[in-house]
Amino acid sequence: MKRVYMDANATTPLLPEVMDAMRPYWMEHFGNASSIHLDGQQAHAAVDRSRATLAEFFNCHDAEVVFNSGGTEGDNTAIFGLLRPGDHFVTTSIEHSAVLRAADLMAQRGVEVTFVAPRPSGLIDPADIQRALRPETRLVSVMLANNETGVLQPVEDIGKIAKAAGAFFHIDAVQGAGKVPLDVRRFGCHLCSVSAHKMHGPKGVGATFVRRGTPVESLLVGGSHERRRRAGTENVPGIVGLAKAVELAVRSLADGTFDRLAALRDRLEVGILELSGTGVNGGWDGDRPVPRVANTTNIWFDHLEGEALVIALDLKGVAVSGGSACHSGATEPSHVLMAMGLNKTRARASLRFSLLKTATEADVDYVLKVVPEAVEHLRAISPVAAGTLG
Ligand code: PLP
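What counts, and where the lines are drawn
Residues numbered from 1 in each chain as written. Predicted model: local features only at pLDDT ≥ 70, side-chain atom pairs only at ≥ 80, totals over all residues. Heavy atoms only, no water. Pairing = 2+ DSSP bridges. Helix = DSSP H or I, 4+ residues; strand = E, 2+ residues; numbered from the N terminus. Axes fitted to C-alpha atoms, helices over the stretch in contact; angles between N-to-C directions. Salt bridge = Lys/Arg side-chain N within 4 Å of Asp/Glu carboxyl O. Buried < 20%, exposed > 50% of the residue type's maximum accessible area, 1.4 Å probe, protein only. Parallel < 35°, antiparallel > 145°, perpendicular 65-115°, else oblique. Left-handed = near helix turned anticlockwise from the far one by under 90°. Contact = heavy atoms within 4.5 Å. Nonpolar A, V, L, I, M, F, W, Y, C, P; charged D, E, K, R; others polar. Near = heavy atom within 4 Å. Polar contact = N/O pair within 3.5 Å; in protein donor to acceptor, adjacent residues only side chain to side chain. Areas by Shrake-Rupley, 256 points an atom, 1.4 Å probe, with all protein chains shown as cover.

Draft legend 1. Representation of the sheet that holds strand β7 (residues 191–195) within the structure. Spatially, β2-β8-β7-β6-β5-β3-β4 is the arrangement adopted by the 7 strands of the open sheet, whose pairing is mixed. The open sheet terminates on both sides in strands that have one partner only, identified here as β2 (65–68) and β4 (112–116). Pairwise comparison of adjacent strand axes, ignoring direction, gives a mean angle of 20° for this sheet. Pairing between strand β5 (residues 137–143) and strand β6 (residues 168–172): 5 bridges, direction parallel.

If you want it as structure tokens, here you go:
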């Protein structure tokens, strides 16, 4: 059976060039980047070259790049590394759990936290960030692109507001990196987290931009790796893979790949919206289209259970994800969609389609063939449609 993977925001496969770049660093060039012999130097040089690639990607100095294990660590480091009891922290209610759970923990440890809600479109209004600020606000953390809706946040405006208030600014750029140009100077942030596996790099590796002089404490202590900002032997193959993925992402940003992808996503969206009782989450802000990354659309389907549709599509060879997450065995509607004002039923009946940058017209054709079949079938048998389930 044909399989079409439309869950790129969950993770992406390595591109062959990334695999090829990493391969020598598992075996021939296995050295520890901290060792002074030739094997160590080879590994060290590879890390240095990768750091230069990341610095160009962020538009920062090489010394401002810290390699780590990915988005969760970058987000946690910004929050645990900067906040102390008595501080005030401003973030949003649509962040990834790597920010939200860290914020909850800080709240238990005496940090005051304000979660700013989005507009119904999924956009964070910079004026709401402004209103949330207090004299003791130490950190503002807002994501670049939302993982569920793809909505791009006005981080540049928020950066200016944080600067005027004298607060540090962290951006979780995990879902935006490699899909839109990054520029930490223009964004005005002090920290910016990215992860390799969302842009065709390996899992378990990422990088954070840390602006020179930002007093962020390391989560991990031990050796003096990464200028004492992140202890632990460098994951050399992972770092090399991250840099290659970044290089390819930058090329894709310049060669029209994302225009092609946006056109495919739009065709998919328009095709699905031909079904009755459907709509886009995060498509419009009043009569203005909301800026979104090119690969993502989040669609609600009335009169069915989203989870049932995810399973039905999987059985037909299509991988997508639902607008809900499983917490301790119970399916909870998405916190992002709920924060945007959807009711539980509609939030549960929403699906995220996130296309790989290698997606084809044939992939979209196939999904447009199977989605209506699956929706019609589920609606015909659904207790939601029959009104027997709330
Ligand atoms: N932030 C966002 C917006 C994400 O989508 C994710 C992953 O889904 C993360 C952080 C966590 O990144 P990682 O999987 O590299 O820990």
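On we go from here.
Draft legend 2. Main features of the pattern of salt bridges. Using the criterion set out here, one finds 26 salt bridges in the structure. Where E73 meets R230, a salt bridge forms, and the shortest distance between an N and an O atom there is 2.8 Å. One end of the pair, E73, is in helix α3 (residues 71–82); the other, R230, is in the loop between α8 (225–228) and α9 (236–254), and 157 residues separate them in sequence. For the residue pair E73 and R230, the accessibility class agrees, reading buried in each case. Taken together, the shared-partner salt bridges in this structure form one network comprising R119, D125, D285 and R288.

Draft legend 3. Region of interest: the packing of helix α11 (residues 306–315) against helix α14 (residues 361–381). Close contact between α11 and α14 brings their axes to 10 Å; oriented N to C, the two are set at 130°. Comparing their axes, α14 and α11 come out oblique. Both α11 and α14 take part in a crossing whose hand is right-handed. The residues of α14 that touch α11, namely those facing A308, L309, A312 and L313, are V370, V371, A374, V375 and L378. Class assignment of the residues belonging to the contact of α11 with α14 gives a composition of 9 nonpolar, no polar and no charged.

Draft legend 4. Quick peek at the sheet that holds strand β9 (residues 278–280). Read from one edge to the other, the open sheet built from 4 strands follows the order β9-β12-β17-β14, with strand pairing classed as antiparallel. In this open sheet, the two strands that pair with only one neighbour each are β9 and β14 (321–322). Pairing between β14 and strand β17 (residues 350–354): 2 bridges, direction antiparallel. Opposite S321, over in β17, you have R352 as the bridge partner.

Draft legend 5. Structural context of the site of the ligand. Lining the immediate environment of the ligand, one finds 13 residues, of which G71, T72, D172, S195 and K198 sit closest. A distance of 2.6 Å is found between an oxygen atom of the ligand and a side-chain nitrogen or oxygen belonging to T72. H197 is positioned such that a nitrogen or oxygen atom in its side chain is 2.9 Å from an oxygen atom of the ligand. Burial of the ligand by the protein amounts to 86% of the accessible area it has alone, namely 390 Å². Considering every element that reaches the shell around the ligand, the biggest residue donor is α3, with 3 residues. Each residue belonging to the shell around the ligand can be placed in one class, and the counts come to 2 nonpolar, 8 polar and 3 charged.

Draft legend 6. Geometry of the environment of N76. Tracing the sequence through the fold places N76 in helix α3. Given the relative accessible area of 18%, N76 is considered buried. Counting along the chain gives 24 residues from N76 to L100, while the straight-line C-alpha distance between them is 9.6 Å. Beyond its immediate stretch of four places on either side in the chain, N76 contacts G81, A98, A102 and L219.

Draft legend 7. The side chain of D363, seen in detail. Here D363 lies in helix α14. A relative accessible area of 15% means that D363 is categorised as buried. In this structure D363 touches K2, V4 and M6, once residues within four positions along its chain are discounted.

Draft legend 8. Local environment of the packing of α3 against helix α4 (residues 97–108). Where α3 meets α4, the axes come as close as 9 Å, and the angle between the chain directions of the two elements is 30°. For the element pair α3 / α4, the angle class is roughly parallel. Pair α3 / α4 crosses with right-handed handedness. Side by side, α3 and α4 meet where T72, D75, N76, I79 and F80 of the first sit next to A98, V99, A102, A103, L105 and M106 of the second.

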